[in-house]
Amino acid sequence: MSEVTAISKFACPGCGGEAVWTPAKKALVCPYCGTVSPAELKADGSLIEESDLATALRSIPEDQRGWAAKRKTVRCQSCQAISVFDEKRVAQRCDFCGSSSLLSVDDIQAPIRPGSLLPFKIADTHVREEIRKWYGSHFWARSNLNDKAMTDTLHGLYLPYWTFDAHAECPWEAEAGHHYYTRDSQGRQQRQTRWEYASGHVSQDFDDVLVPASKGVHPALLSALEPFPTVDSLVPYDAGYLSGWVVEQYQIDLIQSAQASRSRMDDLLRSTCAQQIPGDTYRNLQISPEYSAQTFKHVLLPVWLLTYTYGTKTYQVAVNGVTGKITGEYPLSWVKITIAVVLGLILLFIMMQMGN
Ligand SMILES: [Zn+2]
Ligand SMILES: [Zn+2]
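The structure contained in this document is the topic of the report that follows.

The rules behind each value
- Residues numbered from 1 in each chain as written.
- Chains lettered and ligands numbered in written order.
- Predicted model: local features only at pLDDT ≥ 70, side-chain atom pairs only at ≥ 80, totals over all residues.
- Heavy atoms only, no water.
- Helix = DSSP H or I, 4+ residues; strand = E, 2+ residues; numbered from the N terminus.
- Buried < 20%, exposed > 50% of the residue type's maximum accessible area, 1.4 Å probe, protein only.
- Areas by Shrake-Rupley, 256 points an atom, 1.4 Å probe, with all protein chains shown as cover.
- Donors = N, O, S within 2.8 Å, 3.2 Å for Na, K, Ca; no water.
- Salt bridge = Lys/Arg side-chain N within 4 Å of Asp/Glu carboxyl O.
- 1 Å grid on protein atoms, 1.4 Å probe; cavity = no way out; pocket = protein on both sides within 12 Å on 5 of 7 lines; lining within 4 Å.
- Points joined across faces, edges and corners; volume = space filled by probe spheres on them.
- Nonpolar A, V, L, I, M, F, W, Y, C, P; charged D, E, K, R; others polar.
- Polar contact = N/O pair within 3.5 Å; in protein donor to acceptor, adjacent residues only side chain to side chain.
- Contact = heavy atoms within 4.5 Å.
- Core = buried A, V, L, I, M, F, W, Y, C linked by side-chain atoms within 4.5 Å.
- Domains from an automatic or database assignment.

Here we look at the overall build of the protein chain
Then, in step 1: Secondary structure summary: the protein chain contains 9 helices and 17 strands in total.
Then, in step 2: The proportion of buried residues among the 356 residues of the protein chain is 41%.
Then, in step 3: Split by element, the accessible area of the protein chain, about 19000 Å² in all, is 53% carbon and sulfur.

Quick look at the coordination of the zinc ion (ligand 2)
Then, in step 1: Looking at the zinc ion (ligand 2), one finds its protein donor set to be C76 (SG), C79 (SG), C94 (SG) and C97 (SG), positioned 2.3 to 2.4 Å from the metal centre.
Then, in step 2: Considered as a linear motif, the donors of the zinc ion (ligand 2) on their single chain read C-x2-C-x14-C-x2-C. Of this pair, C79 sits in the loop between β6 (71–76) and β7 (82–86) while C97 sits in the loop between β7 and β8 (102–104), placing them 18 residues apart in sequence.
Then, in step 3: Relative accessible area serves as the criterion here: at 14%, C97 is assigned to the buried category.

Comments concerning the pattern of salt bridges
Then, in step 1: With the rule as written, the count across this model stands at 10 salt bridges.
Then, in step 2: A salt bridge links R132 to E129; its shortest N-O distance comes to 3.4 Å. With a gap of 3 residues between them, R132 and E129 both fall in helix α3 (residues 124–136), about one helical turn apart.
Then, in step 3: Looking at R132, the relative accessible area reads 32%, which means it is partly exposed.
Then, in step 4: One salt bridge in this structure joins E175 and R283, with 3.1 Å as the shortest N-O distance.

Here we look at empty space enclosed by the protein
Then, in step 1: The tally for this structure, following the rule as stated, stands at 1 cavity of 30 Å³ or more.
Then, in step 2: Space inside the largest cavity adds up to approximately 40 Å³.
Then, in step 3: Lining the largest cavity are V74, S83, F85, R89, A91, R93, C94, D95 and L102.
Then, in step 4: The residue inventory of the lining of the largest cavity, partitioned by class, reads 5 nonpolar, 1 polar and 3 charged.

A short note on the side chain of H298
Then, in step 1: As for its position among the elements, H298 is in strand β15 (residues 290–310).
Then, in step 2: A polar side-chain atom of H298 sits 3.2 Å from the main-chain carbonyl oxygen of Y161.
Then, in step 3: Dropping the residues within four chain positions of it, H298 is found in contact with I112, R113, P114, G115, S116, P160, Y161, W162 and Y250.

Observations regarding the nonpolar core
Then, in step 1: Within the largest apolar cluster, 30 residues are counted, with the highest numbers of intra-cluster contacts made by L57, W162, W172, L269 and L285.
Then, in step 2: Mapped by element, the contributors of at least two residues to this core are α2 (52–58), β10 (154–183), β11 (189–212), α8 (254–276) and β14 (281–287).
Then, in step 3: For this core, the element with the highest residue contribution is β10, accounting for 8 residues.
Then, in step 4: Taken domain by domain, the makeup of this core includes at least three residues from each of domain 1 (1–59) and domain 2 (70–356).
Then, in step 5: Not counting residues within four places of it along the chain, the set of residues in contact with W172 comprises A198, S199, G200, H201, V202, C273, Q276, I277, P278, L285, Q286 and I287.
Then, in step 6: The next biggest cluster of nonpolar side chains, apart from the first, holds 25 residues, and it includes C79, L157, L159 and L222.

Structural data, given as structure tokens:
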């Protein structure tokens, strides 16, 4: 620790706790909330910060932090997710991975309070039914997972997200392709394309570009759960909504969140620009966006999560708590796969015989 104390103290932008310089990550990592802040160490031992987001987060005042209700906080030693729930409840196992090694972090500093949330719309009875149907429809999944395993570990969770808003001014250039038709020597119609330079300009406002801040749910599932109707259905944060539910506390990698929001906005701009290109097709689209008025919010979104272990692996099935969209992982049935491969080989062999 002597190395660390030589550096001037650095308050975590997420929770205000004292972040620790971690040479392996070349970043400041908060031991309380897991926030990874982008910073570089100068030769004299002082820190260079790299992110506007970090500065903005740090300036969030004390009265906009905390849960506005008595809550208990634990960190899972296995998947690192931080769960927050009613004070009276005793957590036996992590809702995300099933591990029982939970560490109480009641001395945690107050995280940023969510500005708003989406309340649950879909009841657990319906979710159980849908998960059963979904699992049954996946041919490659093992068929011998019992019903109990499929439904006993279903949890309703509020997951943490950052939403980013921004304005973009974006000039674009491209080659627009116009189709025309000629006839070849046999009189058949041939499609040709004439390419012409085209350019234009797009002004776009982004509203609620989502970046997940969950550690507990596997990343591939998180992206498959979207979209959430954040634009018209968010309600202002009220501790009452969370009573009886488990909330995952955000953990942020500031560099990644900022990059993720920017690349999603770039993608959206690209498709808006593409729609403006005249003609029938296009190529070499170049966009040069300038972003301004970037703001962000912390929101909670409802997800039903089922976690089960098969062998040594943990599998998750997640259901969007508003739209009911379902996505998940399942153990493959090697018996089914082996039979399919053998059948395929037999078929191939028969076809080769017939070809001779
Ligand atoms: Zn922190
Ligand atoms: Zn866990």
